[in-house]
Amino acid sequence: MSTPSDRPWSDPALAPEKRAELLLQAMTLPEKIAQLGSRWTGNDLADHDLPEEGTLNVAPMEDVFATAGTRSLAESSEHGLGHLTRVWGSVPQSVEEGVAELVRQHRVVLDGSRLGVPALVHEECLTGFTTYGATVYPASIAWGATFDPALVERMAAAIGRDMAAVGVHQGLSPVLDVVRDYRWGRVEETIGEDPYLVAILGSAYVRGLQSAGVLATLKHFAGYSASRSGRNHGPVSMGRRELLDVVLPPFETAIATAGAESVMSSYSDVDGLPASADPWLFTDVLRDDWGFGGTVVSDYWAVPFLASMHRVAVDNADAGAVALAAGTDVELPDTIAYAGLEAKVRSGEISEDLIDRAARRLLLQKVKLGLLDPGWTPEGSVRADGVELDSAENRGLARQLAERSIVLLDAGSALPLSSALRKVAVIGPIAGDPRTLMGCYAFPNHVLPRYPDRGLGVDVISPVDALRNELPDAELTHVQGCAVMGDDRSGFDDAVAAAREAELVVAYVGDLSGLFGHGTSGEGCDAEDLRLPGVQGELLARLLDTGTPVVVVVVSGRPYALGDFADRVAGLVQAFLPGQEGAAAIAGVLSGRIVPGGKLPVQVPRHVGGQPGTYLQPALGSVESAGISGLETRPLFPFGYGGSYTTFEVGDLRLSAREIGTDGEFTATVRVRNTGERAGDEVVQLYLHDVVARIARPLKLLTGFARVSLEPGAAADITFRVHADRTAYTGPDLLRIVEPGDVEVMIGTSSVDLPCRAFVQVTGDVRVVGHDRRLTTPVEVTPVAGTGAGGG
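Residues numbered from 1 in each chain as written. Predicted model: local features only at pLDDT ≥ 70, side-chain atom pairs only at ≥ 80, totals over all residues. Heavy atoms only, no water.

We now examine the sheet that holds strand 1 (residues 38–39). Pairing within the open sheet is parallel, and its seven strands lie in the order 1-2-3-4-5-6-9. At either margin of the open sheet sits one strand with a lone partner, and together these are strand 1 and strand 9 (295–297). Inspection of the sheet shows strand 1 paired to strand 2 (residues 83–85) by two bridges, in the parallel sense. The residue bridging Arg39 from the neighbouring strand is Leu84, located in strand 2. (Pairing = 2+ DSSP bridges. Helix = DSSP H or I, 4+ residues; strand = E, 2+ residues; numbered from the N terminus.)

Moving on, we come to the packing of helix 1 (residues 16–26) against helix 16 (residues 352–368). Orientation of helix 1 relative to helix 16, taken along the N-to-C sense of each, is 125°, at an axis distance of 8 Å. Taken together, the axes of helix 1 and helix 16 lie oblique to each other. Crossing handedness for the pair helix 1 and helix 16: right-handed. For the pair formed by helix 1 and helix 16, the contact residues are Pro16, Glu17, Arg19, Ala20, Glu21, Leu23 and Leu24 on the first element and Asp356, Ala359, Arg360, Leu363, Leu364, Val367 and Lys368 on the second. (Axes fitted to C-alpha atoms, helices over the stretch in contact; angles between N-to-C directions. Parallel < 35°, antiparallel > 145°, perpendicular 65-115°, else oblique. Left-handed = near helix turned anticlockwise from the far one by under 90°. Contact = heavy atoms within 4.5 Å.)

Judged by nonpolar contacts, the single largest core of 84 residues is most densely connected at Phe221 and Leu248. The element contributing the most residues to this core is helix 9 (residues 195–211), with nine residues. Excluding residues that lie within four positions of it along the chain, Leu248 makes contacts with Phe221, Ala222, Leu243, Trp280, Leu281, Val285 and Trp290. In this structure, Tyr224, Ala302, Phe305 and Phe565 belong to the second largest nonpolar core, which totals 62 residues. (Core = buried A, V, L, I, M, F, W, Y, C linked by side-chain atoms within 4.5 Å. Buried < 20%, exposed > 50% of the residue type's maximum accessible area, 1.4 Å probe, protein only.)

Relative orientation of the contacting elements helix 10 (residues 240–247) and helix 11 (residues 249–258) amounts to 45°, with a least axis distance of 6 Å. Between helix 10 and helix 11, the angle falls in the class oblique. Together, Leu243, Leu244, Asp245, Val246 and Val247 of helix 10 and Pro249, Pro250 and Phe251 of helix 11 make up the contact between the two elements. The residue inventory of the contact of helix 10 with helix 11, partitioned by class, reads seven nonpolar, no polar and one charged. (Nonpolar A, V, L, I, M, F, W, Y, C, P; charged D, E, K, R; others polar.)

Now for a nonpolar patch on the surface. On the surface, Val691, Val692 and Phe759 cluster together into a nonpolar patch covering about 280 Å² of accessible area. Here Val691 is to be found in the loop between strand 19 (680–690) and strand 20 (701–710). Judged by its relative accessible area of 37%, Val691 falls in the partly exposed class. (Patch = residues over 30% accessible without salt bridge, like charges linked within 9 Å, V, L, I, M, F, W, Y side chains within 5 Å. Areas by Shrake-Rupley, 256 points an atom, 1.4 Å probe, with all protein chains shown as cover. Salt bridge = Lys/Arg side-chain N within 4 Å of Asp/Glu carboxyl O.)

What follows deals with the pattern of salt bridges. Per the counting criterion, the structure on display carries 46 salt bridges. Note that Arg287 is salt-bridged to Asp329, the shortest N-O span being 2.7 Å. With a gap of 42 residues between them, Arg287 in helix 12 (residues 279–289) and Asp329 in the loop between helix 14 (316–326) and helix 15 (341–346) connect regions that are remote in the sequence. A single burial state applies to Arg287 and to Asp329, both of which are buried.

The calculated volume of the second largest pocket comes to roughly 690 Å³. Taken together, 33 residues make up the lining of the second largest pocket; nearest its centre are Asp245, Val246, Arg697, Leu701 and Ala728. Those elements that place two or more of their residues in the lining of the second largest pocket are helix 9, helix 10, helix 11, strand 19 and strand 20. For the lining of the second largest pocket, the leading source of residues is helix 10, giving four residues. Tallied by class, residues from the lining of the second largest pocket come to 17 nonpolar, four polar and 12 charged. (1 Å grid on protein atoms, 1.4 Å probe; cavity = no way out; pocket = protein on both sides within 12 Å on 5 of 7 lines; lining within 4 Å. Points joined across faces, edges and corners; volume = space filled by probe spheres on them.)

Here it is as structure tokens:
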């Protein structure tokens, strides 16, 4: 197809950068600014979802809703438009209806603007494509429990294929925030509390999504998860060293190793400076140090929040100027603050070069996505026929992830369940409600509460029905006992009576995810402490007092303190929001059909205060400091822990060298053997400890891992290739260094169970390292001949 002479940027023979530049040169100032904005036509949150007065400060949200709602899509795109916001993810609609609406919005943008540049379409995709009828996969915290990057990549590729089929260009995922406080409501959206685990699984997600032609968006950049008291949007009291060594590495790794194309700003301020106003973060680090060439998009309303919430800007227009200068390219979900940029340029307050800088980046993405190719049409960019958003293949992947994510905390005396059981009481608010299996950003929990007549959109079996299927010969009695939230204890007596009449109780407790106080986990659903929500803890205590054995299943988005119950239960299982296939996965683990192999991506605390939080502790924050404080420092179950119905042995540590230079490397090999009677998976974990450093460092830091599947009696050698760069940290002068000294190498099956230990001496001069350092630890799984081993 020929390219019109008046539209040279449509010529595919030209380099993408050249095409973007030609289009930029053809644009007027208002047209360039239009590319930096967005429009959310289907947003009805203001009508349904604002919390009651006193539960949240609603004024800033009311302000942005009111401002955004004053302009139609046609008015908002008279000079063009950068993004169309959540055409699929705002209201329940069929594929045919969604396609028609997407085409309609595209046509409004194309037909109403001079140059007819298509808008880029973005959607949420944290637990799958967030739209009606699409597969709901496990939440991100469950991905972390799998320790399985290959499976996460396959899931993300499937999500990306579905999104691309219906015209979506960018997905707002993955969340690479590292958990710092379990009380934070969005723990469920994270991959865990360890930077390396988050980096590896997050990068796998990016590769999968982008393999389908959908841009991944790393969020939230940066520091959001470390807010004071775990409060959503709360201030972050964090020094730059912690930011550099704990918070930023997952983002850096996803950009360097997976080529992530977009980054989303954080709402929070770090040491008083809001992320969206921080040029060090978005320009010095992201662009200059890391060489990032994609786009920075704002979290929803993060730019006007600079004025209304952070109060570092006079008004919306001032907030727009501040964010643009710092490095935010595109304002989402509506053009509010950036609507004032033209006046700022005309008055000389900001340079048009800043407009060009941001517009150039977005136009380049549009070129690479094919939106400027000759012949591109809205109708041709989507498929209405043959698109199945909840396919058998999708459900199979969701099932695998769910099964691999279930963590056996304690088999106790009852697990796996005996096939001779005849009378089982299934109690708890989670057992009968399929919504409790899904995360806050799953469409059934994110949007459908506003449309109660539309059901869930996908088939989701409840935990109690899944257990009935798993135990067909047993009589199951289901009693709710109490709700997830609230203080109603009126169901306790019926629950206790059912427990006394049963041979065994299976108690399902935990979370119901929601938005802004409409749940116990999820965005804006922060916790005061780590006791089970509502009166569920009291219900458990009453059940345990009956003397009937009680197996407890916690289905949650965060870890809860279980120290009051752990020594009284007959079995304990943790399921982190395992998605629409999660009920059968849990039931399979309970029955023993599935041999559990999930590992904790966060610790399970003993006490409701949650001390000490994550495992990344220096000596004074660890068990070594016992006696200094009266607070308990040991978790109930440590990071990386997970039980099994078979047994494993890890040993025979072999190091390729006991001494390396500050630019050298060594290999560490161990043999893992299945010493039990059933096939199963083990996650072999490598931790490093810098014995003496210039700053107080964590006593152990996950540096490599491998999930391996082994038949009974089978063995495999796990070899980690460790470069000296993997010992680097940020020193007193805020330069990242590799320094000489002893490094302890520890390998085992959790952050506590580390039977293989040795020391490697690093010699030579202190070496300053940057973005070109080794960010990952390659690992090789070699089956031992004749033993039937296989990689996980």
